[in-house]
Amino acid sequence: MGLEEALKADPPCLPRACAIQDCLLKNQYDERKCSHLIDALYECCSEFYTRRGRDAKSVCCPSESLLQLKISQRRKERGEAERKDTRQR
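All of these numbers come straight from a predicted model, not from anything done at the bench. (Residues numbered from 1 in each chain as written. Predicted model: local features only at pLDDT ≥ 70, side-chain atom pairs only at ≥ 80, totals over all residues. Heavy atoms only, no water.)

### Brief notes about the confidence of the model for the protein chain
Per-chain confidence: the protein chain averages 93 in pLDDT, with 93% of residues scoring 70 or above. The spread of mean pLDDT over the elements of the protein chain runs between helix 4 (residues 64–88), the lowest at 85, and helix 2 (residues 14–26), the highest at 98. (pLDDT = per-residue confidence, 0-100. Helix = DSSP H or I, 4+ residues; strand = E, 2+ residues; numbered from the N terminus.)

### Section: the state of the cysteines
Inspection of the entire model under this criterion finds 3 disulfides. There is a disulfide in this structure between Cys13 and Cys44, and the S-S distance comes to 2.2 Å. Measuring handedness by torsion sign, the sulfur bridge of Cys13 and Cys44 sits at about -90° and is left-handed. Placement of the pair is Cys13 in the loop between helix 1 (3–8) and helix 2 and Cys44 in helix 3 (residues 35–52), with a sequence separation of 31 residues. In this structure, Cys13 and Cys44 share a single accessibility class: buried. (Disulfide = S-S within 2.5 Å. Buried < 20%, exposed > 50% of the residue type's maximum accessible area, 1.4 Å probe, protein only.)

### Comments concerning helix 3
Residues spaced three or four apart along an α-helix face the same direction, because each turn holds 3.6 residues. Between its terminal C-alpha atoms helix 3 stretches 26 Å, which fits the 26 Å expected from 18 residues at 1.5 Å a residue. Residues Ile38, Ala40, Leu41, Tyr42, Cys44, Cys45, Phe48 and Tyr49 constitute the buried set of helix 3. Just past helix 3, the residue Gly53 takes up positive phi, approximately 100°. (Expected span 1.5 Å × (residues − 1).)

### Overview of the nonpolar core
Membership of the largest hydrophobic core comes to 20 residues, with the highest contact counts inside it found for Cys13, Leu41 and Phe48. Elements with a minimum of two residues in this core: helix 1, helix 2, helix 3 and helix 4. Ranked by residues supplied to this core, first place goes to helix 3 with 7 residues. Among residues more than four places away in sequence, those in contact with Leu41 are Cys13, Arg16, Ala17, Ile20 and Cys60. (Core = buried A, V, L, I, M, F, W, Y, C linked by side-chain atoms within 4.5 Å. Contact = heavy atoms within 4.5 Å.)

Right under this line is the structure:
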């Protein structure tokens, strides 16, 4: 589902949150296999806060400050994983 459609859902970003749950169920809760969907939800939530303000609420999104922390953590984890892959080659 595209970003605009996800933002128009009620509540906002619901389709992306549901996609994560479906993926986790299909993959025995292996979060690594659903990472791309988590990123998509965070993209939706980030845009939700950009458009509606930091104090906006959606049950599908963490608070804006927690969202920024989670995005930062995921970027850091990816950077560490990429450095590890490079060293192993």
